[in-house]
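Each chain is listed here by its residues.
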Amino acid sequence: MKLILIILSGSLFGFGLTLSGMLDPSKVQAFLNITQNWDPSLAFVMIGGILTTSIGYYFILKSPSPLYDSNFHIPIIYHIDIKLIGGSVLFGIGWGLGGLCPGPAVAILSYSFFPAIIFMIAMLIGLFIGKRFINF
Amino acid sequence: MLNIDWANFTLLNSLMGGILIGIAATIIFFVNGRIMGISGILGNLITTKKTDQKFWRIIFILGVLIGPLIFILLFKEIKSEMVANTTLLIISGFLVGLGTSLGNGCTSGHGICGLSRFSIRSIVATLVFVISGMITVYLINGNLL
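Residues numbered from 1 in each chain as written. Chains lettered and ligands numbered in written order. Predicted model: local features only at pLDDT ≥ 70, side-chain atom pairs only at ≥ 80, totals over all residues.

*Asks:* Looking at this model, I keep getting lost on the packing of helix α4 (residues 82-98) of chain A against helix α6 (residues 120-143) of chain B. Mind explaining?
*Replies:* The angle between the axes and the distance between the axes are what describe a pair of packed helices. Two elements in contact, α4 of chain A and α6 of chain B, have axes separated by 7 Å at closest approach and are oriented at 40 degrees. As summarised for this structure, α4 of chain A and α6 of chain B are arranged oblique, according to the angle between their axes. The interaxial crossing formed by α4 of chain A with α6 of chain B has right-handed handedness. Of α6 of chain B, the residues touching α4 of chain A (which contributes Leu84, Ile85, Ser88, Val89, Phe91, Gly92, Ile93, Trp95, Gly96 and Leu97 of chain A) are Arg121, Val124, Ala125, Val128, Phe129, Val130, Ile131, Ser132, Gly133, Thr136, Val137 and Ile140 of chain B. Looking at the contact of α4 of chain A with α6 of chain B residue by residue, the classes come out as 15 nonpolar, six polar and one charged. (Axes fitted to C-alpha atoms, helices over the stretch in contact; angles between N-to-C directions. Helix = DSSP H or I, 4+ residues; strand = E, 2+ residues; numbered from the N terminus. Parallel < 35°, antiparallel > 145°, perpendicular 65-115°, else oblique. Left-handed = near helix turned anticlockwise from the far one by under 90°. Contact = placed C-beta atoms within 7 Å. Nonpolar A, V, L, I, M, F, W, Y, C, P; charged D, E, K, R; others polar.)

Okay, here's the thing in structure tokens:
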């Protein structure tokens, strides 16, 4: 049952990304392009996502634990540091240049393998270096 | 002045897509109490050695790959236009990986899940990467040189 729910969640996520337009790098760039022809669509992905998730989290947190784990795994770091800011700056630059973020970069592979796989490999190398050598 | 591209504005599809993403995040939180952040899931997959921690993440990623295929079955095609050549794909992919690993999250983890639980770190991260992305697009649109 647990695995069915997880694969259902992944599929909804992949389908939602596709429907929303996040798999289209030119649309992502059009969202980030506020000084010319601005396409505000992707702001509504965030609005829909945040509305749904905040309501979902609110009700789930009323129970003492999730269904298949003894406790919730909520991040416990609270301070704003240079790693958070610097990392987000670098991510934003990469997102603007390629029009892809991690979720769509995975989803796009299922129907258009090339050249998205190049982005994916470079991204995994970046993740690995960040985790292993800088984030310890 | 702000000039909206009405021809390509897909309010309903994007809103509905966002709601589906929100349902997905809710299911993951309900099932194992974890944040649905894709950079975190991928990062864990390539660095952790614990197989029990890997399994649900692999299943989730499989689902993410199934989603677009269901979309194609229903709607025939996916509109997607690459904007970067090979060199740019390598640079941008590397920056996305390194950046989300240092910043502990991406559009899903910070932008959707973090904002939904009103995390200050996620609000700051999201503002920073959106503004950084906007400046980047501004610069590559002929304002760099």
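*Asks:* Where do I start with the nonpolar core in this structure?
*Replies:* A general feature of soluble globular proteins is that nonpolar side chains tend to end up buried together. Counting residues in hydrophobic clusters, the biggest one holds 73 residues, and the most contacted among them are Ala105, Phe119 and Met123 of chain A together with Ile21, Ala24 and Ala25 of chain B. When residues of this core are assigned to their parent elements, the largest contribution, ten residues, is made by helix α1 (residues 11-32) of chain B. (Core = buried A, V, L, I, M, F, W, Y, C linked by C-beta atoms within 7 Å. Buried ≥ 20, exposed ≤ 12 C-beta atoms within 10 Å, placed from the backbone.)

*Asks:* Would you explain the packing of helix α1 (residues 2-20) of chain A against α1 of chain B in this entry?
*Replies:* One way to put it is that α1 of chain A packs onto α1 of chain B with a least axis distance of 8 Å and a crossing angle of 160 degrees. For the element pair α1 of chain A / α1 of chain B, the angle class is roughly antiparallel. As α1 of chain A packs across α1 of chain B, the resulting crossing turns out to be left-handed. Residues Lys2, Leu5, Ile6, Leu8, Ser9, Leu12, Phe13, Phe15, Gly16, Leu17, Leu19 and Ser20 of chain A of α1 of chain A pack against Asn13, Ser14, Met16, Gly17, Gly18, Leu20, Ile21, Ile23, Ala24, Ile27, Ile28 and Val31 of chain B of α1 of chain B. The residue inventory of the contact of α1 of chain A with α1 of chain B, partitioned by class, reads 16 nonpolar, seven polar and one charged.

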